[in-house]
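Each chain, written out:
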Amino acid sequence: RVACQGFDDSVMLPPGSVVTGSGEMYKVFTPYSRAFLRRLGEGLPPCVNAPKPRAGGAISDVPALAPFDYPCETPDALLFPAGEEAALQRLREFCQTAAGDYPEKRDFPAIRGTSLLSPYLAIGVLSPRQCLHRLLTEHPRALEGGSGAVWLNELIWREFYRHLIVAWPRLCRHQPFVDWTARVAWQQNDALFEAWCEGRTGYPIVDAAMRQMNATGWMHNRLRMITASFLVKDLLVDWRRGERYFMSQLIDGDFAANNGGWQWAASTGTDAAPYFRIFNPTTQGQRFDADGDFIRRWVPELSHIPGKAVHEPHDWAKKQGAALRYPKPIVDHKKARVATLAAFEAARKE
């Protein structure tokens, strides 16, 4: 007979502990987050010290390990230094100096406005309880909506997606949460998908984001929403292909968060954006990378284009009578939007 023990790993509160009055898991994030904050207000989950090392002999005859095959080109040791102490130092610094400014800076990929803690959380170097306690040490009113509350809300989003896959295991089996969206007639176009993967779509903010991920194994959260929306809503490619590609590339790949984010973008998940909400990739770039600094860093073919013109480089080149070594848009956004709306509407009515 084998005794099995279960542990609620990598969460602040156990799945099933934040439920509606009827005892069911929430399907919408906002009431879930309110209930979650009430639970935290009743008593914080403990954050215990690490156990002391056990006495033991030296390990011998350990076989040599093969070099790790990173999915990205080369991991950036400065962007994500290895080790628990480096992670703890980053957590302390973020909570002390940046968590208060997080609401104003988090959406702009050209600046360091996010915590950059996701890889450490994904592999267990940090726990969300450590993040919670450190945040409240520096921002004691975060639970009440004060400074630090917006970053705490992001930690709660992480919990939401974890709790969801426990309540609805089919989310682990490539199934959409909204049943009728399984009938959407996706395009089976490998050329479009590969152009998206490689950052050759002709939409600068999308290409810069994909190249950032392919090179570093990480992508800014705002860009994850933009690129996911583009794949699903502009190219009408099945969201599950994008979900799998992200997991193959990200060093902070987390199944629950990745699945939840993709289903949100594809309008197939719980609390999803309505299917008729479709990001315009050009205006998204103009809004969140206004001067084009992020784009020029990752798309060097556009480094010579001045100012805001970088968001519509072919229009600029035409006016200048210049040639560009950069692909033209692989789809017309306005036409793609109409086609996507028709595909979703047909699936919904079927």
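Preceding this section is the structure that the text describes.
Residues numbered from 1 in each chain as written. Predicted model: local features only at pLDDT ≥ 70, side-chain atom pairs only at ≥ 80, totals over all residues. Heavy atoms only, no water.

Chemist: Report on the overall build of the protein chain, specifying residues and quantitative values.
Modeler: Of the regular secondary structure elements, the protein chain holds 15 helices and zero strands. Against the compact-globule benchmark of 20 Å for 350 residues, the protein chain has a radius of gyration of 22 Å, which places it among compact chains. Dimensions of the protein chain, computed from the C-alpha atoms along their principal axes, are close to 70 × 50 × 50 Å. Per-residue burial for the protein chain yields a buried fraction of 46% across its 350 residues. In the protein chain, 70% of the contacts between residues at least 6 apart in sequence involve partners at least 24 apart. Between the centroid of the 42 positive side chains of the protein chain and the centroid of its 38 negative side chains there is a distance of 4 Å. (Helix = DSSP H or I, 4+ residues; strand = E, 2+ residues; numbered from the N terminus. Rg over C-alpha atoms; globule rule 2.2 N^0.38 Å. Buried < 20%, exposed > 50% of the residue type's maximum accessible area, 1.4 Å probe, protein only. Contact = heavy atoms within 4.5 Å. Lys, Arg positive; Asp, Glu negative; His and termini not counted. Charge placed at Lys NZ, Arg CZ, Asp CG, Glu CD.)

Chemist: An account of the layout of surface pockets is needed here, citing residue identities and associated values.
Modeler: Volume-wise, the largest pocket comes out at about 1200 Å³. Forming the boundary of the largest pocket are 42 residues, of which Glu-154, Trp-157, Asn-221, Arg-224 and Ala-257 lie nearest the centre. No other element matches the 11 residues that helix H6 (residues 149–167) contributes to the lining of the largest pocket. Residue classes in the lining of the largest pocket are distributed as 24 nonpolar, 10 polar and eight charged. Contributing elements (two or more residues each) for the lining of the second largest pocket: helix H4 (118–122), helix H5 (128–138) and H6. For the lining of the second largest pocket, the element with the highest residue contribution is H5, accounting for three residues. Looking at the lining of the second largest pocket residue by residue, the class counts come to 11 nonpolar, five polar and six charged. (1 Å grid on protein atoms, 1.4 Å probe; cavity = no way out; pocket = protein on both sides within 12 Å on 5 of 7 lines; lining within 4 Å. Points joined across faces, edges and corners; volume = space filled by probe spheres on them. Nonpolar A, V, L, I, M, F, W, Y, C, P; charged D, E, K, R; others polar.)

Chemist: Just give me the short version of empty space enclosed by the protein, but keep the residues and values in it.
Modeler: Applying the stated criterion to the full structure yields three cavities of 30 Å³ or more. Computed from the structure, the largest cavity encloses a volume of approximately 90 Å³. Contributing to the lining of the largest cavity are Tyr-161, Leu-164, Ile-165, Leu-171, Phe-177, Ala-256, Asn-259, Gly-260, Gln-263, Trp-264, Gly-269 and Thr-270. Elements represented by at least two residues in the lining of the largest cavity include exactly H6 and helix H11 (255–266).

Chemist: With reference to specific residues and values, describe unusual backbone geometry.
Modeler: In this model, Ser-10 sits at a positive phi of 60 degrees, which is unusual for a non-glycine residue. Relative to the helices and strands, Ser-10 resides in the segment before helix H1 (29–42). The buried category is assigned to Ser-10, whose relative accessible area is 15%. Positive phi values are uncommon outside glycine, yet Leu-236 reaches one of about 55 degrees. Mapped onto the elements, Leu-236 comes out in the loop between helix H9 (221–234) and helix H10 (239–249). Take Leu-236: its relative accessible area is 9%, and that puts it in the buried class.

Chemist: Tell me about the environment of Val-178, residues and numbers included.
Modeler: Positionally, Val-178 belongs in the loop between H6 and helix H7 (190–198). Val-178 sits 55 residues away from Ile-123 along the chain, and the two C-alpha atoms are 30 Å apart. Apart from residues no more than four positions distant in its own chain, Val-178 is found in contact with Thr-268 and Gly-269.

Chemist: Got a sec to walk through the nonpolar core? Specific residues and values, please.
Modeler: By size, the foremost hydrophobic cluster in this structure holds 49 residues, and its most contacted members are Trp-196, Val-206, Met-210, Leu-235, Phe-246, Trp-262 and Leu-302. Those elements that provide at least two residues to this core are H7, helix H8 (204–216), H9, H10, H11, helix H13 (293–298), helix H14 (313–320) and helix H15 (333–349). Once residues lying within four places of it in the same chain are set aside, the contact partners of Leu-235 are Gln-187, Leu-192, Trp-196, Phe-230, Ile-330 and Val-331. If you look at the next biggest cluster of nonpolar residues, it comprises 42 residues, including Val-18, Leu-126, Ala-142 and Tyr-161. (Core = buried A, V, L, I, M, F, W, Y, C linked by side-chain atoms within 4.5 Å.)

Chemist: Could you give an account of the side chain of Glu-243, naming the residues involved and the relevant values?
Modeler: By the secondary structure assignment, Glu-243 is in helix H10. Here Glu-243 occupies a buried position and makes no salt bridge, while the nearest side chain of opposite charge, Arg-244, is found at 5.8 Å. Those residues within four positions of Glu-243 in sequence are excluded, and the remaining contacts are Phe-255, Asn-258, Asn-259 and Trp-262. (Salt bridge = Lys/Arg side-chain N within 4 Å of Asp/Glu carboxyl O.)

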